[in-house]
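# Reading the structure
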Amino acid sequence: MPSQIVSLVVNGERREFIAAPGATLLACLRESLGLIAAKRGCAQGACGTCTVLVDGRPEAACLVAVETVADGSVRTLEGVTSGGELDEVQSAFIDCFATQCGFCTSGMIMVAEALLDRNPDPSEDDVIEAISGNVCRCTGYRPIVIAIMEAARRRREQAVPR
Amino acid sequence: MAKLRGRGHASVNYPTGMNLGGDPSQALIHATTTGTFVVSLSSVDLGQGIKTIAAQCAAETLGLPIGNVLVDTADTDTGPHCMGTFASRGSHRVGNAVIMAAAEARGVMLEVAAEELEVDAADLETDGTGFIMVKGAQDRRIHVTDLALAAHFKHGRTISGRGVYLKEPSAPVPETGEMDPDSCQAHACTVAVVEVDDETGVVEVLELFNTYEVGRALNPAMATQQVEGGAWMGVSHALFETTEPYYPVRDHGPRDFAGYLMPGPADLPIQHSLLLERPAANGPYGAKGIGEMTANAPIPAIANAIFDACGVRLTSMPFTPERVLRGLDALRMEEPC
Ligand code: FES
Ligand code: FES
């Protein structure tokens, strides 16, 4: 099978690039599009550090053959920041000190975005379940759970019309 | 069949640094034209935060805002020498080297300021916001940006400094093995509360109480996170992580995250952490190293808590359900029927 041109909407913008057959979404994002927030931890779906949203769902980009999501819409951490402003999840991660080495952070934020998109008022158990596919070797997870709860609170407060 | 609750504690003394053939780290610092102080190091930050600690030590010593410090650990080929970030030595060795380099740079900074302000350098002080001023005459002052420009373009001076911390070599006394291995020791005690299911053998860690004597917590938020992230790793060693039963034949052993068991976010104990500060005479602003020790105390504390809960004394990690159940069986065998 030859390489082919793949078209995706990435962070709201249509992008086209050449992909070898079987190329992963992660490799295309990082190498063809220069979007390196999603990290390659295990390359086997076990660590979650490559998580991006495909049509709103969190996916391990290392396991997704890019042609299977052609013409789909992909959101990466780069697309979370709008106009240089951090969003609620990002700023809560900073304020709650939910990162140490930072390698898991991009994946953690993306699963949190997906969670808060579908459930603006999650319980702690909901948060724990959402991040249970993501490995963090530094923080002991607790600060991450607290940060996502805090982000949810901030987002709900902002949604209240004044 | 019941869930049995137990409590155990363990304490640890942990050396800061090591000493084989002498243990040095060096730091160089220089000001750019606009008054950013670049700290050059070969000390690698692999996420533990040495860049933050180095920047704090430099800013504190220079008397400047931390925003005026830029830590460059770019290249171990061209940077000043560092033995490496291991042996819980980074904050101690590198912190001391940075303080020494920054003190020399501060001396030059005050000399140039003395020329600009036409006063004696000994009469100058820094205000921590970026100004160098005459003591008692707050309006006679110069900002570090203007000062650095003047140093470069008027006075032909480099505002720079060199620093090194060397733990000198110490050979063991052949008869006794006695030597001087470390620079100071940090201390910790962990109390673990566990629940043991005597039907399944599953151990759950409910709570950890961590007390750490760290000399000086240069960055309390980072120190606390090191304590709690390390304790999580200790729980992981105690209950989950192993290359057994494959060791020593590793052919089918777990080699990756998919096969290697670790606690996830749902397996977390509640942690209570306390930092005690007893400054070490040779530490940077009194700090000791607490890098590696944070995974240590939880393990024996959990073993002791399991013993307290159900009487099973486990001496091999991890404390798997199988080992707990075998221990319970052995206890039942001992009991007279
Ligand atoms: S890199 Fe994709 S899950 Fe680990
Ligand atoms: S912050 Fe290092 S892995 Fe999560």
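Residues numbered from 1 in each chain as written. Chains lettered and ligands numbered in written order. Predicted model: local features only at pLDDT ≥ 70, side-chain atom pairs only at ≥ 80, totals over all residues. Heavy atoms only, no water.

Right, let's talk about the sheet that holds strand β10 (residues 203-213) of chain B for a bit. Residues and elements named next belong to chain B. Spatially, β1-β9-β10-β11 is the arrangement adopted by the four strands of the open sheet, whose pairing is mixed. Both edges of this open sheet fall to β1 (3-15) and β11 (270-276), since each of them pairs with a single strand only. The sheet shows a mean angle of 15° between the axes of neighbouring strands, direction not considered. Against the sheet, helix α4 (residues 220-239) makes contact with β10 and β11, and its axis sits at roughly 130° relative to β11, the strand it touches most. Strand contacts of helix α5 (residues 298-310): β1, β9 (185-197) and β10, with the helix running at about 150° to β1, the strand carrying the most contacts. (Pairing = 2+ DSSP bridges. Helix = DSSP H or I, 4+ residues; strand = E, 2+ residues; numbered from the N terminus. Axes fitted to C-alpha atoms, helices over the stretch in contact; angles between N-to-C directions. Contact = heavy atoms within 4.5 Å.)

The next point concerns the layout of surface pockets. In this approach the atoms are scanned with a rolling probe the size of a water molecule, which exposes any empty space left behind. Approximately 950 Å³ is the volume found for the largest pocket. Looking at the largest pocket, it is lined by 44 residues, and the ones nearest its centre are Q100(A), G47(B), Q48(B), Q226(B) and G291(B). At the level of elements, α1 (50-62), α2 (90-117) and α4 of chain B are the ones that each hand at least two residues to the lining of the largest pocket. Per-element accounting of the lining of the largest pocket gives the leading share, seven residues, to α4(B). Across the lining of the largest pocket, the residue classes tally to 21 nonpolar, 18 polar and five charged. Space inside the second largest pocket adds up to approximately 510 Å³. As for the second largest pocket, its lining consists of 28 residues, and the residues nearest its centre are V203(B), E204(B), L239(B), F240(B) and D267(B). Breaking the lining of the second largest pocket down by element, the ones donating at least two residues are α4 (124-130) of chain A together with β10 and α4 of chain B. With four residues, the single largest contributor to the lining of the second largest pocket is β10(B). Per-class residue counts for the lining of the second largest pocket are 19 nonpolar, four polar and five charged. (1 Å grid on protein atoms, 1.4 Å probe; cavity = no way out; pocket = protein on both sides within 12 Å on 5 of 7 lines; lining within 4 Å. Points joined across faces, edges and corners; volume = space filled by probe spheres on them. Nonpolar A, V, L, I, M, F, W, Y, C, P; charged D, E, K, R; others polar.)

A few words now on the interface of chain B and chain A. Listed by partner, the interface residues are 21 residues for chain B and 20 residues for chain A. Buried surface at the junction of chain B and chain A, summed over both partners, amounts to about 1,600 Å²; 63% is from carbon and sulfur atoms. When residues of chain B are sorted by the area they lose upon contact with chain A, Q225(B), F257(B) and P265(B) head the list and together hold 40% of the total. On the surface where chain B and chain A come into contact, there are one salt bridge. (Buried area = accessible area lost by both parts, 1.4 Å probe. Salt bridge = Lys/Arg side-chain N within 4 Å of Asp/Glu carboxyl O.)

This paragraph deals with the side chain of T126(B). Residue and element names in this part refer to chain B. Within the secondary structure layout, T126 lies in strand β5 (residues 124-126). There is a polar contact of 2.8 Å between the side chain of T126 and the side chain of R106. With residues near it in sequence (within four places) discarded, T126 still touches L62, G63, R106, M109, F131 and I132. (Polar contact = N/O pair within 3.5 Å; in protein donor to acceptor, adjacent residues only side chain to side chain.)

Let's shift gears to the environment of P298(B). Residues and elements named next belong to chain B. When you line up the elements, P298 lands in helix α5. Residue P298 is classed as buried on the basis of its relative accessible area, which comes to 0%. Counting along the chain gives 56 residues from P298 to T242, while the straight-line C-alpha distance between them is 16 Å. With residues up to four places along the chain from it excluded, the contact list for P298 reads T190, A231, G234 and V235. (Buried < 20%, exposed > 50% of the residue type's maximum accessible area, 1.4 Å probe, protein only.)

Residue and element names in this part refer to chain A. As far as domains go, chain A holds domain 1 (4-79) and domain 2 (88-158). Taken over C-alpha atoms, the centre of domain 1 sits 21 Å from the centre of domain 2. Opposite the 16 residues of domain 1 that make contact, domain 2 presents 14 residues. Together, the buried faces of domain 1 and domain 2 total about 1,100 Å²; carbon and sulfur atoms form 62% of this surface. On the surface where domain 1 and domain 2 come into contact, there are zero salt bridges. If you look at where domain 1 meets domain 2, you find four residue pairs in polar contact (both at pLDDT 80 or more). (Domains from an automatic or database assignment.)

Before going further, it helps to spend a moment on the domain arrangement of chain B. You'll often see interface size given as the accessible area lost when the parts meet. All names here are of chain B. Domain annotation of chain B identifies domain 1 (3-15 + 182-334) and domain 2 (23-167). A separation of 39 Å is found between the C-alpha centroids of domain 1 and domain 2. Listed as interface residues are 16 residues of domain 1 and, on the opposing side, 18 residues of domain 2. In this assembly, domain 1 packs against domain 2 so that about 1,300 Å² is buried in total across both faces, 54% of it on carbon and sulfur atoms. In this assembly, domain 1 and domain 2 are joined by zero salt bridges. Where domain 1 touches domain 2, the interface holds eight residue pairs in polar contact (both at pLDDT 80 or more). Along the lines of polarity and charge, the residues of the side of domain 1 that touches domain 2 split into eight nonpolar, six polar and two charged.

Moving on, we come to the sheet that holds strand β7 (residues 137-143) of chain B. Strand pairing within a sheet occurs via backbone hydrogen bonds; the two strands may be parallel or antiparallel. All names here are of chain B. With antiparallel pairing, three strands are arranged side by side in an open sheet as β5-β6-β7. For this open sheet the edge positions go to β5 and β7, each flanked by a neighbour on one side alone. Strand after strand, the sheet turns through a mean of 35° between neighbouring axes, direction not considered. Pairing of β5 with strand β6 (residues 131-134), which is carried by three bridges, proceeds in the antiparallel orientation. Each bridged residue has a counterpart across the sheet, and for L124 the counterpart in β6 is V134. Helix-sheet contacts for α2 involve β5, β6 and β7, and the interaxial angle to β5 is about 120°.

All names here are of chain B. Grouped together as the largest cluster of nonpolar side chains are 43 residues, with contacts concentrated most on I29, F37, V98 and I132. Of all the elements in the fold, those that place two or more residues in this core are β2 (23-31), β3 (37-40), α1, β4 (69-72), α2, β6 and α3 (144-155). Two domains each provide a minimum of three residues to this core, namely domain 1 (3-15 + 182-334) and domain 2 (23-167). In contact with F37, not counting residues within four places along its chain, are I29, H30, A31, L62, L64, N68, V69, L70, A105, M109, V144 and I159. (Core = buried A, V, L, I, M, F, W, Y, C linked by side-chain atoms within 4.5 Å.)

Residues and elements named next belong to chain A. The interhelical angle for the contact between helix α2 (residues 88-95) and helix α3 (residues 105-118), taken along N-to-C directions, is 130°, at an axis separation of 10 Å. In terms of their interaxial angle, α2 and α3 are classed as oblique. Crossing of α2 against α3: the hand is right-handed. Where α2 approaches α3, its residues V89, Q90 and F93 are matched on the opposing element by T105, M108, I109, A112, E113 and L116. Its residues placed into classes, the contact of α2 with α3 shows six nonpolar, two polar and one charged. (Parallel < 35°, antiparallel > 145°, perpendicular 65-115°, else oblique. Left-handed = near helix turned anticlockwise from the far one by under 90°.)

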